[in-house]
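Architecture at a glance
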Amino acid sequence: RADRMMKTDVKETEHGYEVAIDLPGFKKDEVKAELKDGYLTISAAKGLDQDEKEKESGRYIRRERYAGTMSRSFFVGEDVAQEDIHAKYEDGILRLSVPKKAPKKIENTGYISIEG
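Here goes a summary of the coordinates provided.

What counts as what
Residues numbered from 1 in each chain as written. Predicted model: local features only at pLDDT ≥ 70, side-chain atom pairs only at ≥ 80, totals over all residues. Heavy atoms only, no water. Helix = DSSP H or I, 4+ residues; strand = E, 2+ residues; numbered from the N terminus. Buried < 20%, exposed > 50% of the residue type's maximum accessible area, 1.4 Å probe, protein only. Contact = heavy atoms within 4.5 Å. Pairing = 2+ DSSP bridges. Axes fitted to C-alpha atoms, helices over the stretch in contact; angles between N-to-C directions. Phe/Tyr/Trp six-rings, centres within 6.5 Å; stacked < 30°, edge-to-face > 60°. Lys NZ or Arg CZ within 6 Å of the ring centre and 35° of its normal. Salt bridge = Lys/Arg side-chain N within 4 Å of Asp/Glu carboxyl O.

This part takes up the environment of Gly 68. Its place among the elements puts Gly 68 in strand E5 (residues 68-75). Exposure remark for Gly 68: the relative accessible area of 23% places this residue in the partly exposed category. Non-local contacts of Gly 68, meaning those with residues more than four positions away in its chain, are made with Ala 44, Ala 45 and Lys 46.

What follows concerns the sheet that holds strand E7 (residues 93-99). The antiparallel open sheet is built from four strands, whose spatial order is E1-E2-E7-E6. Both outer strands of the open sheet, strand E1 (8-12) and strand E6 (86-90), are each paired with one neighbouring strand and no more. Each adjacent strand pair in this sheet contributes to an overall mean axis angle of 15 degrees, direction not counted. With five bridges joining them, E1 and strand E2 (residues 16-22) adopt antiparallel strand pairing.

Another point: the packing of aromatic side chains. Two aromatic rings, taken as a pair, are described by how far apart their centres are and by the angle between their planes. Tallied over the full model, the rule gives one aromatic pair. Ring geometry for Tyr 39 against Phe 75: centres 5.0 Å apart, planes inclined by 65 degrees, an arrangement best described as edge-to-face. One end of the pair, Tyr 39, is in strand E4 (residues 39-46); the other, Phe 75, is in strand E5, and 36 residues separate them in sequence. The ring of Phe 26 carries Lys 46 above its face, with NZ or CZ at 5.5 Å from the centroid. Over the aromatic face of Tyr 17 sits the side chain of Lys 100, whose NZ or CZ is 5.8 Å from the ring centroid.

As enumerated under the stated definition, the model contains three salt bridges in all. Here Glu 12 makes a salt bridge to Lys 100, at a shortest N to O gap of 2.7 Å. Taken as a pair, Glu 12 in strand E1 and Lys 100 in the segment after E7 lie far apart in primary sequence, 88 residues in all. In this structure Glu 12 comes out as exposed when scored by relative accessible area, which is 53%. Relative accessible area serves as the criterion here: at 33%, Lys 100 is assigned to the partly exposed category. Residue Lys 46 pairs with Glu 30 through a salt bridge whose shortest N-O separation is 3.6 Å. You can see Lys 46 sitting in strand E4 and its partner Glu 30 sitting in the loop between E2 and strand E3 (31-36), a full 16 residues away along the chain.

Written out as structure tokens, the structure reads:
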């Protein structure tokens, strides 16, 4: 369900990628971004307010607000370092700037080496 809830736009620029992820209703401290093994993982966790539970004096007929955790991962390459990625959370939108890293050039001789 995260792909339906964490609506994401990825735009390619000359120097990298601009990622915008909708996270309405989340606070900044409920959102985490982690880079591991070339994958950028965005996760968000939200619980229902404890004050709301204490003030509850009736039975819910319908609940549509989200409570739980969700995450999405994007492969950004193993050459991208944590300090290269810049993130900003404002008005329910997480904006990330991810640089393009040129893949390491592999010499291509046209021949496949045969073992044995």
